[in-house]
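# Examination of the molecular architecture
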Amino acid sequence: SGHSTFSRAGAETLAAFTGSPYFPGGLGEFVAPLNSYLVFEDGPSVEVRLQWASYYDAADQAGQSRIFGGIHIWPDDSVGRQLGSVVGQDAVARARTYFEGTAAP
């Protein structure tokens, strides 16, 4: 699942560069207002409020949404999370070489 992979890579990156896996202030939140969030259909029928303690929690829910929507199965999510973790950690390591001035051309 691309959602699982990209989201976990982003979580790894944010956790590494902020020094914490947790959202600033202790809670990340996304609100989808009643009947004004979806573009191609009506909805949601009630306000939907998603909250996460950590970047990893948000990333996991992004991947799970593809399972709940019938788009992927658990192995797609699981392997995507594992791959995203490696990609995110590698991206952080590579970025640090640029910040430190040790990047090879």
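Read on for an overview of the structure. (Residues numbered from 1 in each chain as written. Predicted model: local features only at pLDDT ≥ 70, side-chain atom pairs only at ≥ 80, totals over all residues. Heavy atoms only, no water.)

The next subject is the overall build of the chain. Helix and strand counts for the chain stand at 3 helices and 2 strands. Each helix and strand of the chain, ordered N terminal to C terminal, gives the series α-β-β-α-α. In summary, the chain has a C-alpha radius of gyration of 16 Å against a globular reference of 13 Å for 105 residues, an excess of more than 25%. Along the first, second and third principal axes, the C-alpha atoms of the chain reach 50 × 35 × 25 Å. The buried share of the chain, reckoned over its 105 residues, is 28%. In the chain, once contacts between residues fewer than 6 apart in sequence are set aside, the share between residues at least 24 apart is 57%. Split by element, the accessible area of the chain, about 6,800 Å² in all, is 60% carbon and sulfur. Considering the chain, the positive charge centre built from 6 side chains and the negative charge centre built from 11 side chains are found 6 Å apart. (Helix = DSSP H or I, 4+ residues; strand = E, 2+ residues; numbered from the N terminus. Rg over C-alpha atoms; globule rule 2.2 N^0.38 Å. Buried < 20%, exposed > 50% of the residue type's maximum accessible area, 1.4 Å probe, protein only. Contact = heavy atoms within 4.5 Å. Areas by Shrake-Rupley, 256 points an atom, 1.4 Å probe, with all protein chains shown as cover. Lys, Arg positive; Asp, Glu negative; His and termini not counted. Charge placed at Lys NZ, Arg CZ, Asp CG, Glu CD.)

Let us look at the layout of surface pockets. Reported here for the largest pocket is a volume of approximately 160 Å³. Where the lining of the largest pocket is concerned, the elements lending two or more residues are β2 (48-52) and α2 (55-68). Here the element with the most residues in the lining of the largest pocket is α2; it accounts for 5 residues. Broken down by class, the residue content of the lining of the largest pocket amounts to 5 nonpolar, 2 polar and no charged. (1 Å grid on protein atoms, 1.4 Å probe; cavity = no way out; pocket = protein on both sides within 12 Å on 5 of 7 lines; lining within 4 Å. Points joined across faces, edges and corners; volume = space filled by probe spheres on them. Nonpolar A, V, L, I, M, F, W, Y, C, P; charged D, E, K, R; others polar.)

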